[in-house]
Amino acid sequence: MNKFLFALLVTAGWLSVFAQDEVTEKEIESHIKFLTLEKNGGRYPGTKANKRVVKYIIKDFKSSGIQAFETGYKQPFEAKLRVAEGEPEKPLASTCNVIGFIEGNDPELKNEYIVLGAHYDHLGLGGPSSKSDKKNAIHFGADDNASGTAALLEISEKLAAHKDELKRSVIFIAFGAEEQGLLGSKYFTEHPLVPLENIKLMINMDMVGRLNDKKQVYMGGAGTFPGGVDFMKDLGVSLGLNPGVHAGSVGGSDHVSFYKKGISVLGMHTGGHPQYHTPEDTLEFINLPGEKMVCEYIFQTILKKASSAEELYFINQD
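Residues numbered from 1 in each chain as written. Predicted model: local features only at pLDDT ≥ 70, side-chain atom pairs only at ≥ 80, totals over all residues. Heavy atoms only, no water.

A word on the pairing of strand β3 (residues 113-119)
For a regular strand, the rule is simple: side chains alternate between the two faces of the sheet. What counts here: Buried means the residue's accessible area, taken with a 1.4 Å probe over protein chains only, is under 20% of the maximum for its type, while exposed means over 50%, and partly exposed covers the values in between. For helices the rule is a DSSP run of H or I covering at least 4 residues; for strands it is a run of E covering at least 2, with both sets numbered from the N terminus onward. Any two strands with at least two DSSP bridges between them are considered paired. For crossovers, right-handed means that the path from the first strand over the helix to the second runs clockwise, given strands pointing away from the viewer.
Buried residues dominate β3, accounting for seven of its seven residues. Residues of β3 alternate between two faces, with Y113, V115, G117 and H119 on one and I114, L116 and A118 on the opposite face, all of them buried. Bridge count between β3 and strand β4 (residues 169-175): seven bridges; the pairing is parallel. For L116, the partnering residue across the bridge sits in β4 and is F172. Between β3 and its parallel partner β4, the chain crosses via helix α4 (residues 142-161), and the hand of that crossover is right-handed. Examined bridge by bridge, β3 and strand β5 (residues 199-205) share five bridges and lie parallel to one another. Residue pairing across strands places G117 opposite N204, the latter belonging to β5.

A short note on the pairing of strand β6 (residues 216-220)
Of the strand pairs in this sheet, β6 and strand β7 (residues 242-245) are connected by four bridges, and their pairing is parallel. Paired with V217 across the two strands is P243, which belongs to β7. Between β6 and its parallel partner β7, the chain crosses via helix α6 (residues 228-238), and the hand of that crossover is right-handed. Pairing of β6 with strand β8 (residues 265-269) involves three bridges; the strand directions are antiparallel. Bridging from a neighbouring strand, Y218 pairs with H269 of β8.

What to know about the sheet that holds β3
Stated precisely, the cut-off is as follows: For helices, the fitted line uses only the C-alpha atoms of the stretch in contact; every axis is such a line through C-alpha atoms, and the angle between N-to-C directions lies from 0 to 180 degrees. Contact criterion: two residues are considered in contact whenever any of their non-hydrogen atoms come within 4.5 Å of each other.
One open sheet holds the eight strands; their spatial order is β1-β2-β4-β3-β5-β8-β6-β7, and the pairing between them is mixed. The two strands at the open ends of the sheet, each matched to only one other strand, are β1 (74-79) and β7. Ignoring strand direction, the axes of neighbouring strands in this sheet form an average angle of 20°. The strands touched by α4 within the sheet are β2 (93-102), β3, β4 and β5, with β3 carrying the most contacts at an inclination of about 145°.

Comments concerning the confidence of the model for the chain
So the rule is basically this: Confidence of the predictor in every single residue is expressed as pLDDT, which spans 0 to 100.
Of the residues in the chain, 94% reach a pLDDT of 70 or more, and the chain-wide mean stands at 94. The weakest mean pLDDT in the chain belongs to helix α1 (residues 3-12) at 44; the strongest belongs to β4 at 99. Overall, residues 1-16 carries pLDDT values under 50, and its contacts beyond four positions in sequence, including any with other chains, amount to eight contacts.

Right, here's the structure in full:
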């Protein structure tokens, strides 16, 4: 059956969408390969390439059975773009967050939410945030943050296959314009689609594709929810990982926007590298088996917290 006919049958309700109960290296690679295509030009906000990526994410959400809110999958906003000191301001860029969810099954706990997020944008041709001497070169952003976007798509698909086990609801957000100053996550927390007090945990993935030989996964914010430090350490070790768990050290990616609103967070990453914010951050450096392990870690974290009735509340780490 060709893809067009399959899509028509699904839309008409004649076929059900079945989420795949497995994160695969092949699909991780396929997502990152698309996101880092030369025609996608570094996924800069406001460009045709950026819009192409948004369509790709929405299509994947739909195929996995991830629901849209009443407003649709897109949450549009205007992004102020960074410029180098002394340069004139650029026009505001029209971009968006891409948002979907799985509704929980418990009559009461389904009104509580765990958010899983990753930013899909990058630096385009470089700009003031580039660490490279190369001018007007595509910054592909394979690890930053095609790796996190791929993980978002794979974990959301696997959670959809386990939706009957979820008591709490899970929201998935692909943030726009993170590289311009966490603009997508700031916009969401100022214009939330659910009450902020009902968001009990936000997990953010930013650069999760470079797991090293020691299998070290780093995270900040584990002390912002009850028992988080021991939980994340024990779970990571059980999955063959070497977790670097910090109670605070919330960091500088999209989860910070949630933490500032009094929401528990985990900021997940696999560490920095020389290719950060350069044109050399490409697919060849991604550790696909390692990213699959990280995906399983985060999947298990969400599954255990969303399928439990344990109380989740914010603990300030400032």
